[in-house]
Number of protein chains: 2
Amino acid sequence: MSRLVMKFGGTSVADLERIRRVARLVAAEVATGKQVAVVVSAMSGKTNELVAWTDGAGRAAAGLPESDDEYDAIVASGEQVTAGLLAMTLRNMGHKARSFLGWQVPILTDEAHGRARIEDIPPQNLEACFEAGEIAVIAGFQGVTSNQRITTLGRGGSDTSAVAIAAAVKGACDIYTDVDGVYTTDPRIESKAKRLAKISYEEMLEMASLGAKVLQTRSVEMAMAHRVPVRVLSSFVEPGEAPGQGTIVCDEEEIMEKRIVSGVAYSRDEAKITLLGLPDHPGVSSQIFGRLADANVNVDMIVQSRARSADTANMEFTVGKRDATRAVEIVRAAQAEIGFEDVAVDEDVSKVSVIGVGMRSHAGVAQSMFQALAEKNINIQVISTSEIKISVLIDAAYTELAVRALHAVYGLDQL
Amino acid sequence: MSRLVMKFGGTSVADLERIRRVARLVAAEVATGKQVAVVVSAMSGKTNELVAWTDGAGRAAAGLPESDDEYDAIVASGEQVTAGLLAMTLRNMGHKARSFLGWQVPILTDEAHGRARIEDIPPQNLEACFEAGEIAVIAGFQGVTSNQRITTLGRGGSDTSAVAIAAAVKGACDIYTDVDGVYTTDPRIESKAKRLAKISYEEMLEMASLGAKVLQTRSVEMAMAHRVPVRVLSSFVEPGEAPGQGTIVCDEEEIMEKRIVSGVAYSRDEAKITLLGLPDHPGVSSQIFGRLADANVNVDMIVQSRARSADTANMEFTVGKRDATRAVEIVRAAQAEIGFEDVAVDEDVSKVSVIGVGMRSHAGVAQSMFQALAEKNINIQVISTSEIKISVLIDAAYTELAVRALHAVYGLDQL
């Protein structure tokens, strides 16, 4: 019998009416004879309310760690409520259903509270539930340590819960959200954006990392590692209406018509830090980035160039906007030791990226990108590439213009 | 090292400021060298919010049982949040603390969801917590079945959690509430009501059963069975202020100066049902009350009297107001079989009781009561007695008058 894990995010379960809508979508899948597990987030707004309480309890003020075991015990209650309400609603509709909290599944994680990683999901309890003809309604975002303490997986962790559970019970995974699939770019910026029928794991991973908020990066990594077939689709359908086809995230081999570029992503959450007059000798980079790594500052793009004076270099790198101040403080504290002349921050930048597995076999993709941007007089500050993506850092004011130009140049308007 | 379980109800933890006040009270006990466990309720209002959601999920409409496993999973989240917030606040103040949910202690219960009974509390986890120098902050009102499902103990169950935990770890139990002890009667009715320094388990049990809302009946039963010393005191003290002496609930033997009557209680949650023209033969009572018991209707006072016609009887009994309609339906459905002439309901009644272990050895207590009521022209409709209490059912309009008259006649005004 085929198994399906359906995941519903916070906006899909925001109130009781929406929970009933979710119950109908679940019932429709059960009616096709599938064994169904449902993973739910907290009702939207609830997690923020709980987090605000933890702040009010003096957590931040006391210098308590960003996330700790008590924080997790508190915020995990949000998903607990949704899981109970959905199980109850399904019973009310005449189905057999029961809720599972992270510790009841169990979803075993490491002890990194607030950003725990799933280590194992023994499938026996869920399989017993399926055998009993019950729908398993599982609280997302949470797990339990071997020491029986509640953990959370971090924001967006319910996607990861769903994919990990699908991997554990060898089922497919449908991620229901407030959009009807993955688009070639953000439709709020380019109205000609098209829904993709299929996208490869690798492309989805880049899209997620680069700011497309449809799926959480770790969930895509996990889907790719365990080859879980994932579908993204909308929960916002009227009673009796089917949810549409959505976007299937799958192996590259399963996509017949390959595109060179599948999507254009952008991120405004960027800050560029420039170090001027660095001594040009080995070990400087490792001094800088070692310090940043120790402080958990995630560095993205890096460029080093020779300065005008022959024996010094300049270095530019980007970090998330919220880390910018801290990164500068860290670098400045080591100024004497590293020996650079000055440091500057520019938060007025954004990163625009084109993604596509077709790049592997097609030359000239970067060239088309640079030319399209040049034609719009958009200056490229930093470039970084991977096998299937090219990202450029530009002046933030040009973000929308760049996205639309790139969407057009790769023919995504006509998909 | 002496151990103390401190319990704080919903109004004592209603917001973050009050949780800080609770944390200070806990810290003061820790400073005296005690090993401390704290039991908390949901922030006041939270349980009602959660229950309203379960109603919205169609639980009542679908004829789902009054309480079920999903209901319990949902409402138990309220105490979970408080426990985490208090543990966090204590840490913030520099103490070692951690939260325990019902399943983490574990508080093992039977499977009667919504009104589960505690079966066992293995003390090892709490003792390990004490050994580690940590304050154990425990979510009240909840437990877990041997099948790993969350249960709740029913309204007021946090008192029972606290006493049961005190019994398990062989400690004393302080119940913090919004009043500073147990009073001779409700001070809102009789301003001369006095706080009792001590009260016996038996008296407290009658007081709790008879409508004094300070302690939950089951918690008193449990304290009596395990001889847990319980103290009732107020959490509403200013920073730096001590919480006062409260009222100690203890063995009768520990109370030096015995009073004949310790308190006057009343309950307006009464409905009187009268069956007229019952056939006067054996088995009629068992027919009636068997049916009511099967439907879980709790019958309190019962009086049977001969009717005017020599071969029939009238019967009066009382039930809780919310059961009145159902009780009448049940009785009416069996009218042909039982063979009574008519049934009447009167919801305009209240029960007033005097309680005191001194009654055992003093005659004339009932006589003083009846005389005091007669002097105020209060008609007694039904009387019921136990070894240490006398209750009368009267017209509800006379409730306050009766309470004040009885409070005076037994000298409680001058305590």
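What counts, and where the lines are drawn
- Residue numbering note: each chain is counted from 1, following its sequence as written.
- Both sets of labels track the order of writing: A upward for chains, 1 upward for ligands.
- The model is predicted, so local features are restricted to residues of pLDDT at least 70 and side-chain atom pairs to those at 80 or more, both for listing and for counting; the totals for chains, interfaces and linings are taken over all residues.
- Side-chain measures here rest on the full set of heavy atoms in the structure, leaving out hydrogens and waters.
- UniProt positions are given in the numbering used here, feature names are shortened, and annotations may be inferred rather than shown by experiment.
- Helix and strand definitions follow DSSP, with helices as H or I runs of at least four residues and strands as E runs of at least two, each counted in order from the N terminus.
- The quantity called the radius of gyration is restricted to C-alpha atoms. Its globule counterpart is 2.2 Å times the number of residues to the power 0.38.
- Think of it in three bands: with a 1.4 Å probe and only protein chains considered, a residue is buried below 20% of the maximum accessible area for its type, exposed above 50%, and partly exposed in between.
- Note on definitions: a residue-residue contact is assigned when non-hydrogen atoms from the two residues lie within 4.5 Å.
- Residue burial considers only the protein chains on display, and all accessible areas are found by Shrake-Rupley using a 1.4 Å probe.
- For the charge count, each Lys or Arg is scored as positive and each Asp or Glu as negative, with His and the chain ends excluded.
- One atom stands in for each charge, and that atom is NZ of Lys, CZ of Arg, CG of Asp or CD of Glu.
- In this description, strands pair whenever DSSP reports at least two bridges between them.
- Every axis corresponds to a line fitted to the C-alpha atoms, with the helix fit spanning only the stretch in contact, and the corresponding angles, defined between N-to-C directions, vary from 0 to 180 degrees.
- In what follows, roughly perpendicular refers to angles from 65 to 115 degrees, roughly parallel to angles under 35, roughly antiparallel to angles over 145, and oblique to any angle outside these ranges.
- By convention the crossing between two helices is left-handed if the near helix lies anticlockwise of the far one by an angle smaller than a right angle, and right-handed if it lies clockwise.
- When two parts are put together, the accessible area they lose, computed with a 1.4 Å probe and summed over both, is reported as buried area.
- One side-chain nitrogen of Lys or Arg within 4 Å of one carboxyl oxygen of Asp or Glu is enough to make a salt bridge.
- Pairs of N or O atoms within 3.5 Å make up the polar contacts considered here, provided that, within protein, one atom can donate a hydrogen while the other can accept it, and that residues adjacent in sequence are counted only when both atoms are side-chain atoms.
- Definitions used throughout: a 1 Å grid over protein atoms alone; a cavity as a set of points that fits a 1.4 Å probe which cannot get out; a pocket as an open set with protein on both sides within 12 Å along at least five of seven lines; a lining residue as one with an atom within 4 Å of a point.
- Grid points are joined across faces, edges and corners, and a volume is the space filled by probe spheres set on the points.

- Where an unreviewed UniProt entry is consulted, chain A appears under the name Aspartokinase, with the organism given as Caulobacter hibisci.
- Within the UniProt record for chain A, the comment given under Sequence similarities (unreviewed entry) is "Belongs to the aspartokinase family."

1. Re the overall build of chain A
Point 1. Each helix and strand counted, chain A has twelve helices and 18 strands in total.
Point 2. Whereas a compact globule of 415 residues would reach a radius of gyration of roughly 22 Å, chain A reaches 23 Å, a difference of no more than 12%.
Point 3. Seen through its principal axes, chain A has C-alpha atoms that stretch 75 × 55 × 30 Å.
Point 4. Buried positions account for 58% of the 415 residues belonging to chain A.
Point 5. A separation threshold of at least 6 residues defines the contact pool for chain A, and within that pool the share at least 24 residues apart is 74%.
Point 6. With the model as given, the accessible surface of chain A reaches about 17,000 Å², and the carbon-plus-sulfur share is 49%.
Point 7. If the 42 positive side-chain charges of chain A are averaged to one point and the 55 negative ones to another, these points end up 4 Å apart.

2. Let's talk about the sheet that holds strand 18 (residues 389-395) of chain A
All names here are of chain A.
Point 1. The six strands lie next to each other as 14-15-13-16-18-17, forming an open sheet whose pairing is antiparallel. At either end of the open sheet lies a strand with only one pairing partner, and these are strand 14 (299-306) and strand 17 (382-386). Sheet twist, expressed as the average angle between the axes of neighbouring strands with direction ignored, equals 30°.
Point 2. Examined bridge by bridge, strand 16 (residues 342-355) and strand 18 share seven bridges and lie antiparallel to one another.

3. Here's the deal with the packing of helix 3 (residues 69-92) of chain A against helix 4 (residues 77-92) of chain B
Point 1. Taken N-terminus to C-terminus, the directions of helix 3 of chain A and helix 4 of chain B make an angle of 165°; their axes are 8 Å apart at the nearest point. The orientation of helix 3 of chain A relative to helix 4 of chain B falls into the category roughly antiparallel. Both helix 3 of chain A and helix 4 of chain B take part in a crossing whose hand is left-handed. Along the contact surface, helix 3 of chain A presents Asp69, Glu70, Tyr71, Ala73, Ile74, Ala76, Ser77, Gln80 and Val81 of chain A, while helix 4 of chain B presents Ser77, Gln80, Val81, Gly84, Leu85, Ala87, Met88 and Arg91 of chain B.

4. Some remarks on the interface of chain B and chain A
Point 1. Each partner contributes residues to the interface: chain B has 41 residues there, and chain A has 42 residues.
Point 2. When chain B packs against chain A, close to 3,400 Å² is buried across both sides, 62% of that on carbon and sulfur atoms.
Point 3. When the area that chain B buries against chain A is broken down by residue, the three leading residues are Trp53, Met88 and Trp103 of chain B, summing to 20%.
Point 4. Between Lys46 of chain B and Glu49 of chain A there is a salt bridge; the shortest N-O distance is 3.2 Å.
Point 5. Linking chain B with chain A are 15 residue pairs in polar contact (both at pLDDT 80 or more).
Point 6. Considering each element in turn, the side of chain B that touches chain A owes the most residues, ten residues, to helix 4 of chain B.

5. Re empty space enclosed by the protein
Point 1. Counted according to the given criterion, the structure contains three cavities of 30 Å³ or more.
Point 2. Estimates place the volume of the largest cavity at around 150 Å³.
Point 3. Surrounding the largest cavity, 14 residues form its lining, Lys46, Leu50 and Ser77 of chain A together with Lys46 and Leu50 of chain B being those nearest its centre.
Point 4. Of all the secondary structure elements, the ones that give two or more residues to the lining of the largest cavity are helix 2 (46-56) and helix 3 of chain A together with helix 2 (46-56) and helix 4 of chain B.

6. Some thoughts on the sheet that holds strand 10 (residues 198-200) of chain A
All names here are of chain A.
Point 1. Judged by pairing direction, the sheet is mixed, and its eight strands sit side by side in the order 3-6-2-1-9-11-12-10 without closing on themselves. Looking at which strands have only one partner, the edges of the open sheet turn out to be strand 3 (97-100) and strand 10. Averaged over all neighbouring strand pairs, the angle between strand axes comes to 20°, with direction disregarded.
Point 2. Pairing between strand 1 (residues 3-8) and strand 9 (residues 172-177): five bridges, direction parallel.

7. Details of the side chain of Glu270 of chain A
Residues and elements named next belong to chain A.
Point 1. Mapping Glu270 onto the fold places it in strand 13 (residues 263-279).
Point 2. The exposure class of Glu270 is buried, given its relative accessible area of 5%.
Point 3. Apart from the residues within four sequence positions on either side, Glu270 is in contact with Asp300, Thr318, Val319, Lys321, Glu347, Val349, Ser350, Lys351 and Leu393.

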